[in-house]
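# Results of the structural survey
Here is what each chain is made of, one letter per residue.
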Amino acid sequence: MIDRTTSQLKLLLSQPNFCQLIKILISFLFFPLSVFAQNTIALPHVTNYTKQSYKGGLQNWKLKQDRSGIIYIANNEGMLTFDGNYWELYPLTNKTIVRSLEISSDGKIFAGGQDEAGYFLPNKRGRLEYHSIIDKIPPQYRSFGDIWDIIELEESIYFRANNYIFKWNSGKITVYPARKEWLFMGKWENKLYAQDQGLGLFVQNNGFWEKVRNENTFNGIDPITSIIGLESGKAFISTLKSGVYIFDGAIVSSETLQNQELFRNERIYATALLPSNEIALATNNAGIIIIASNGEVIQKISTDQGLQNNNVLSIFSDKQGNLWLGLDNGIDLVAYGSAIKQINPLQRNGSGYAAIVKNNQLYIGTSNGLYRTALEQKKDLSFSIGAFTSVNNSKGQVWGLAEISGKLLLGHHEGAFEVKENDATLINHNTGFWNFSPAADNKVIAGTYTGLDIFPVGTTSGESFSPIPSFTESSRYLVIDKENNIWVSHPYHGVYKISELTENKFNIQRFSTSEGLPSQLNNHIFKIKNELVAATIEGIYILDREQNRFVPSPWYQKILGDQSIRYLKESPTGNIWYMHEKSLGVIDLSGKQPVLVPIPALNNKMLSGFEFIYATDESNIFLGGESGFYHINYQKYLETITPLVAQVRAVHIFNKGDSMIFGGYFAPLTELQKQQGDFPVVSNDWKSIQFTYSAISFGAENDLEYAVRLKGFDNNWSDWSKRTDKEYTNLGGGTYIFEVKVRNSLNKESAVASYKFKMLPPWYLTNLALFIYFIIFCLGNFLMYKWLKKKFRMQRQKYEEEQKRINYIHGLEQNKTRNELITLKNEKLEADISFKNAELAAAAMHLVKKGELLTKIKDDLTHVSKEIRNPEAISAIKKMVKKVGEDDKLDEEWENFAKHFDSVHSDYLVNLKEKHPNLTGNELKLCANLRMNLSTKEIAQLMNISVRGVEISRYRLRKKLELSSGDNLFDYLMKI
């Protein structure tokens, strides 16, 4: 029996129709799973914020955003704020979990916790300060547990706890007790709705809760989790376990919504309406699901797409269209509104090298092989729902894809392939094909590891490939110009021009620095605007065909300058994409003038040296990345660059510790932040002041650059920098204004944000100190005046004394000089006297000699007279003796001598005569001779007396001069 059954089964399976039927049944059986398993081909970037990064509790329950863009999050440890750069935690008074948040129209941030409710407002220091309203609740209702929802309606704030709904208005609390339990509270079309467990959905009307008409759907215990309005004028309602519904104010229906089983199974915690009118569902098990208003699944993002965990407690769509997720453990930012998304087929970590769209199929070549997915008819192909499949026989390194004459060619490390649907057929097994380019005569030129191959279009045999002889350079960069010349660039060897002379004969010319290129290295050849260009380390060069050399391009230099360019690609609309080093940008030619548009979000993410850009239109740009591919909706990228608002977020002062003088809030949250009123005054004891600042651009923080200045210290703007803080030290006393501005990747600048403060001078420069200095200065000047006056008087006195001393010294010097002159004169006189004395002595000696001669003559004549006998002779001799003995002439000579002596010795003899009138002439002669210090013998000869006579005369002279025995005659005579 078993054998018979087995044989019959084999017979059935052998029938083609039966096998086909089985396949159809299997496909229908697994169709729902396949639909739910599929996702969009490109996914937004997900930023993870862990508990360690935001320094709060694990769970995050609600999210809100104020007018300036700051995000507020209800966290297990308090309220978190985030401005794109800095996190702050604000706990409640009782330190409990914050479950709910609401920003009211008057700028208060209402928060609800466990047995706690209140609001945050900025204090004078700009820091949020919590104000509890628990004392306004009647005492019997203050034990209410958690506040799960907070909603503003008109001028009232409503708080939902499990057992009560509290209405806050003008400082008064109204309590609405639940009949069983309030499971939900929400707002739609300016009406407040609430769900009472087992009783259904109620709407508030004039302070009373009325059951919604014709509503029997929510009578059970499954709570509503959200209610949001749709463009159709109806509301979208989500429940925890019962799926989603459409509500028109009276009737609740789920008949028109798809995928209800999925929504029931995944448990919906919260929803958010996106700017595109899509709805994001936060689920318990599957992360988030993006759906259309009819329930169609558009995209799913879970841990497979980068979430930290799939349990999403809350969800919020910010002003940029980003999705903020409050997780069971952490916070995630999904850049859903970003124009840049990532494509990573089968979640493999292969790099992206080539892409092409053919027959509504997207083929992408990676380091792991070639993959394919079907595309939907959507303007933005990144939203196409599909799953990538691996193309058969394509495993390994893919280098290039090209569609030529309707055929899709694949350049692979293992050879050249033709791709048909999901199969790759090998047409040349030689190792290493980079790319393919169509040439004349229905031929294809392939760049390979070892040169160039030429083969006819449609060939299926490697035997049809003809290599260009004598050319063996690796040809990854390949261009065919308008004259059918083949250009190949090698990054390290130069640029080659291959011209066909005759069939299978080619002329090969190498271009290097001698042919105009700035360097032999890093030259890349491209075809842009149907013209040949070379991207070099010094900008873009073009070929001067007349000189057959490369020259700098004036047009490109005007736009790009002489910066190094690695890659160029022209889009279908004429824009030129380029790579400078590892930075991506676009030369946008859509306007009257070229505009340079950097895209810093992809800097350092593309394959360096293997850059690849493929564009189908301005909404679909595919770029090869280090991990998979990136998709850019360039048109959306330009549209979603929002105006920037720079904000001063905190000001700290430091010395040995630190203190916050400004917490980031100037005014209520209903207005843009702007400093008003009094500005802070900072003591000089604080040596440093630090400013932190930011601009809200979630997901694009790395695109922003800031410039700052401190007016009063430095009026020049700083260089643009990504830093979000600035510190100044040892500022002097005065008023300062700190200013900051921000710019984005399009070089569009924000308005200037400022913060004014006054730095007090040190104590020694305060007004009191300056007044004391003034008093001290005046007193000092007075004392100085008195001191100077006294000093002047003393100096004058000293001067006068000095002058007296100088005059005295001068007198002494004059006297000395006079004495010296007198001495010199006396010495001269003495010399003269000595000379005269010498003359007088000589004259006296002459007289002595004359007297001696005369005496001798007289004696000789007397002796001769005695010998002579002749009387006449004797008589004559006697006459001669008589004449010789005459004294008259001697007296005359004496008178002449006395006259000369008195002239020499200042009338000495006259004065002596006047003093001693009783002196005789011979005594005067004796005095004169003694005055000339003549010897006794010389005196005896002059006076013609004997030596004894001289002695006697001296004795007599002493008596007449009345000299005592002790007096020296010579000294006495010298004194006269």
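Please refer to the structure higher up on the page.
Read on for an overview of the structure. (Residues numbered from 1 in each chain as written. Predicted model: local features only at pLDDT ≥ 70, side-chain atom pairs only at ≥ 80, totals over all residues. Heavy atoms only, no water.)

With that settled, the discussion passes to the packing of aromatic side chains. Enumeration according to the criterion identifies 55 aromatic pairs in this entry. Judged by centre distance (5.8 Å) and plane angle (80°), the rings of F433 and F465 are edge-to-face. Remark: F465 occurs in the loop between β43 (451-456) and β44 (466-467) and F433 occurs in strand β41 (residues 433-439); sequence separation between them is 32 residues. Across the pair, F465 and F433 agree in class, each one buried. Three or more aromatic residues joined by ring pairs make a cluster, and in this case those are F662, F666, F691, Y693, Y706, F713, Y728, Y736, F738, Y755 and F757. It is K108 that lies over the ring of Y119; its NZ or CZ is 5.3 Å from the centre. Sitting over the ring of W434, R476 keeps its end group 5.5 Å from the ring centre. (Phe/Tyr/Trp six-rings, centres within 6.5 Å; stacked < 30°, edge-to-face > 60°. Helix = DSSP H or I, 4+ residues; strand = E, 2+ residues; numbered from the N terminus. Buried < 20%, exposed > 50% of the residue type's maximum accessible area, 1.4 Å probe, protein only. Lys NZ or Arg CZ within 6 Å of the ring centre and 35° of its normal.)

Residue position: K55 is located in the loop between α4 (51-54) and β4 (60-65). A residue is classified by how much of its surface remains accessible, and K55, at 62% relative accessible area, is exposed. The spacing of K55 and E88 is 33 residues in sequence and 8.4 Å in space, taken between C-alpha atoms. Beyond its immediate stretch of four places on either side in the chain, K55 contacts E77 and L89. (Contact = heavy atoms within 4.5 Å.)

Here we take up the sheet that holds strand β64 (residues 705-711). Taken in spatial order, the 4 strands line up as β62-β67-β66-β64 in an open sheet, and their pairing is mixed. Only two strands of the sheet have a single neighbouring strand rather than two, namely β62 (681-682) and β64. Note that strand β66 (residues 734-743) and strand β67 (residues 753-759) share 7 bridges and pair antiparallel. Considered in β67, the bridge of I737 is made with K756. (Pairing = 2+ DSSP bridges.)

Before going further, it helps to spend a moment on helix α11 (residues 908-915). When α11 is considered as a whole, its buried residues turn out to be Y908, L909 and L912. The buried side chains of α11 occupy one side of the element, clustering within an arc of 90° when seen end-on. (Arc of directions from axis to C-beta.)

What follows is about the sheet that holds strand β29 (residues 323-327). Read across the sheet, 4 strands follow the order β3-β30-β29-β28 without closing on themselves; strand pairing throughout is antiparallel. Each of the sheet's edge strands pairs with one partner strand only, and the pair in question is β3 (46-49) and β28 (312-317). Here the strands of the sheet are splayed against their neighbours by 20° on average, with no regard to which way each runs. (Axes fitted to C-alpha atoms, helices over the stretch in contact; angles between N-to-C directions.)

This next bit is on unusual backbone geometry. One non-glycine residue, K55, adopts positive backbone phi at about 55°. A positive phi angle, close to 60°, is found at N259, a residue other than glycine. Residue position: N259 is located in the loop between β23 (252-253) and α5 (260-266).

The next point concerns helix α14 (residues 947-960). The terminal C-alpha atoms of α14, which comprises 14 residues, lie 20 Å apart, in line with the 20 Å expected from a rise of 1.5 Å per residue. Of the surrounding elements, those touching the buried residues of α14 are α12 (921-931), α13 (936-943) and α15 (969-975). Just beyond α14, the residue with positive phi is E962, at close to 60°. (Expected span 1.5 Å × (residues − 1).)

Across the 6 residues that make up strand β34 (residues 369-374), a large majority, 5, are buried. Sheet topology places strand β33 (residues 361-366) next to β34; 6 bridges connect them, and they run antiparallel. In the strand pairing of β34, I364 is matched with Y371. Here β33 hands over to β34 after 2 residues, the two strands then running antiparallel side by side. Sheet analysis places β34 next to strand β36 (residues 389-390), joined by 2 bridges and oriented antiparallel. The partner of R372 across the bridge, within β36, is T389.

Another aspect to go through is the pattern of salt bridges. Taken as a whole, this structure holds 22 salt bridges when the rule is applied. Between R649 and D83 there is a salt bridge, and its shortest N-O distance comes to 2.9 Å. Of the two residues, R649 sits in strand β60 (residues 646-654) while D83 sits in the loop between β6 (78-82) and β7 (87-90), which places them 566 residues apart along the sequence. In this pair, the class of R649 matches that of D83, namely buried. Across the salt bridge formed by K108 and D106, the nearest N and O atoms sit 2.9 Å from each other. On the accessibility criterion, K108 (18% relative accessible area) is buried. When salt bridges with common partners are traced through the structure, they connect K62, D149 and R160 into a single cluster. (Salt bridge = Lys/Arg side-chain N within 4 Å of Asp/Glu carboxyl O.)

A few words now on the packing of α13 against α14. Taken N-terminus to C-terminus, the directions of α13 and α14 make an angle of 100°; their axes are 8 Å apart at the nearest point. By the angle between their axes, α13 is roughly perpendicular relative to α14. Facing T936, K937, I939 and A940 of α13, the residues of α14 in contact are V947, V950 and E951. A breakdown of the residues in the contact of α13 with α14 according to their chemical character gives 4 nonpolar, 1 polar and 2 charged. (Parallel < 35°, antiparallel > 145°, perpendicular 65-115°, else oblique. Nonpolar A, V, L, I, M, F, W, Y, C, P; charged D, E, K, R; others polar.)

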